[in-house]
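# Observations on chain architecture
For reference, the chains in residue letters:
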Amino acid sequence: MGLLTIGAFAKASRLSPKALRLYDELGLLTPARVDPVTGYRLYAPEQVDQARLVAWLRRLGMPLARIRQVCALDAGAAAQEVRAFWAQVEADTAARRDLATFLIDHLSRKDPAMSPTAKSLGIRYAALSDTGLVRESNQDTAYAGYRLLAVADGCGSQGALAGAAAIEALKHLETGSISAGNLLNLLEDAIEEAKQAVHDVAGSGSSPEDTGTTLTALLWTGSQLALVHIGDSRVYLLRDGELFQITHDHTLVQSMIDEGRLSPEEAASHPQRSLLVRALGQGADTTPDMRLHDAQAEDRYLLCSDGLSTVVPAQDIHQVLSHISEPEQAVRDLVALANGFGGPDNVSCVVADVIELQQ
């Protein structure tokens, strides 16, 4: 079969002539020959498969620059690249879904007609931070107040100060009134203040580029807990005897798991398992996850640094949270567990119980 005209090739590849001209200009799908007299583009029949691949990738929403990369790979590597792209799309979609849920809740509570009557709830809480058995200093900060629960895990030469500054920037949320209608704006402003606080700390040190912190916080509104999360500190929820991790680690290995390039078992021993892809600090991606959680009486929340979660097996954490009734004793037992496993890192825990208040 001879060369195909652009019209015939468009029909065979299910791409429009306009798209083919654009892809030629971008170097994505170059014609086999361009007639020197008429300027007509002519395509080889064997280019149809590549053109159809381009069409399918565009339907996925893949940017043209990335399609060019995929088309230059062999089949196996191209499949891996598509898998990685789609994992990122799903992660982005999940983040937008969480924000949409937050906004729906946020707007619903601005409308009194949509606000459900609920039992009067409160929280009781405890926090504890420990250096561990290996580190010389403690760069963690744990805080628990009547509205704010927070853990920060600092890194770099000024890490301890950075973590403490980030949490300090949130503490004013405990003193003012919090309306459901203004909650989202309050949280966004508080995160900006935490970013600036960490920036100020980093700028005062000798190595500002290596100073940063994770920040994971819950703000109690009276019936809900608003979550702000960036980094690899975690929040767990114990509800009806089951333990759920309700945060997503912002680490390199977690992104590799999400993309299917690494198994959870491989991630546990990966040499870069602590490398953050999001944190509060110089040059880092500082975009937080934010969402709302409806609280129920007898819920128990655990906030912890990775000095607990990467050292102590989940079943042991579950055991303590299920059987130790007082938050003060629970945080002591969790820290003791981490040190019992060698205490290789600083460890911080906040335990908060949702309780029904007496009318």
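Below is a summary of the structure that appears in this document. The structure displayed is predicted, hence computed values, not measured ones. (Residues numbered from 1 in each chain as written. Predicted model: local features only at pLDDT ≥ 70, side-chain atom pairs only at ≥ 80, totals over all residues. Heavy atoms only, no water.)

This part takes up the overall build of the chain. The secondary structure content of the chain amounts to twelve helices and 15 strands. Taking 359 residues into account, the globule formula puts the C-alpha radius of gyration at 21 Å, and the chain, at 26 Å, lies well above it. By its C-alpha atoms, the chain is 85 × 55 × 40 Å across when sized along the principal axes. The buried share among the 359 residues of the chain stands at 45%. Summarising the internal contacts of the chain: among those between residues at least 6 apart in sequence, 65% fall at separations of at least 24. Taken as a whole, the chain presents about 18000 Å² of accessible surface, with 52% of it coming from carbon and sulfur. Between the centroid of the 30 positive side chains of the chain and the centroid of its 46 negative side chains there is a distance of 11 Å. (Helix = DSSP H or I, 4+ residues; strand = E, 2+ residues; numbered from the N terminus. Rg over C-alpha atoms; globule rule 2.2 N^0.38 Å. Buried < 20%, exposed > 50% of the residue type's maximum accessible area, 1.4 Å probe, protein only. Contact = heavy atoms within 4.5 Å. Areas by Shrake-Rupley, 256 points an atom, 1.4 Å probe, with all protein chains shown as cover. Lys, Arg positive; Asp, Glu negative; His and termini not counted. Charge placed at Lys NZ, Arg CZ, Asp CG, Glu CD.)

This brings us to helix α6 (residues 159-168). Buried residues of α6: G159, A162, G163, A165, A166 and I167, and no others. Where the residues of α6 are buried, they touch β5 (140-144), β6 (148-155), α7 (183-203), β7 (212-213), β8 (215-220) and β12 (280-281).

Here we take up unusual backbone geometry. Working note: non-glycine residues mostly have negative phi, and peptide bonds are mostly trans. The phi torsion at R14 lies on the positive side, around 65°, for a residue other than glycine. Checked against the element boundaries, R14 lands in the loop between α1 (6-13) and α2 (17-25). You can call R14 exposed: its relative accessible area is 65%. Even without being a glycine, E298 presents a positive backbone phi close to 80°. Along the chain, E298 turns up in the loop between β13 (289-294) and β14 (300-304).

Further remarks concern the sheet that holds strand β4 (residues 121-130). With antiparallel pairing, the five strands of this open sheet are ordered in space as β4-β15-β14-β10-β11. Two strands lie at the open edges of the sheet, namely β4 and β11 (242-245), each paired on one side alone. Averaged over all adjacent pairs, the angle separating strand axes in this sheet is 20°, with direction ignored. The pairing of strand β10 (residues 234-239) with β14 spans five bridges and is antiparallel. Each residue of the ladder has a partner; that of V235, found in β14, is L303. Along the sheet, helix α11 (residues 314-323) makes contact with β10, β11, β14 and β15 (347-356), crossing β11 at roughly 125°. Against the sheet, helix α12 (residues 327-340) engages β4, β14 and β15, with an angle of about 30° to β4. (Pairing = 2+ DSSP bridges. Axes fitted to C-alpha atoms, helices over the stretch in contact; angles between N-to-C directions.)

Moving on, we come to the side chain of S233. Structurally, S233 is set in the loop between β9 (224-230) and β10. According to the relative accessible area criterion, S233 is buried, its value standing at 0%. A distance of 3.0 Å separates the side chain of S233 from the side chain of T214, its partner in a polar contact. (Polar contact = N/O pair within 3.5 Å; in protein donor to acceptor, adjacent residues only side chain to side chain.)

What follows concerns the pairing of β14. Of all five residues in β14, five are buried; the element is thus mostly enclosed. Where burial is concerned, the two faces of β14 agree: the one with R300, L302 and C304 and the one with Y301 and L303 are both buried. The pairing of β14 with β15 spans five bridges and is classified as antiparallel. For Y301, the partnering residue across the bridge sits in β15 and is A352.

Further remarks concern the sheet that holds strand β1 (residues 4-5). Taken together, the three strands give an open sheet; going across it, the order is β1-β3-β2, and neighbouring strands pair in antiparallel fashion. Either end of the sheet is taken by a strand with one partner, and the two such strands are β1 and β2 (33-34).

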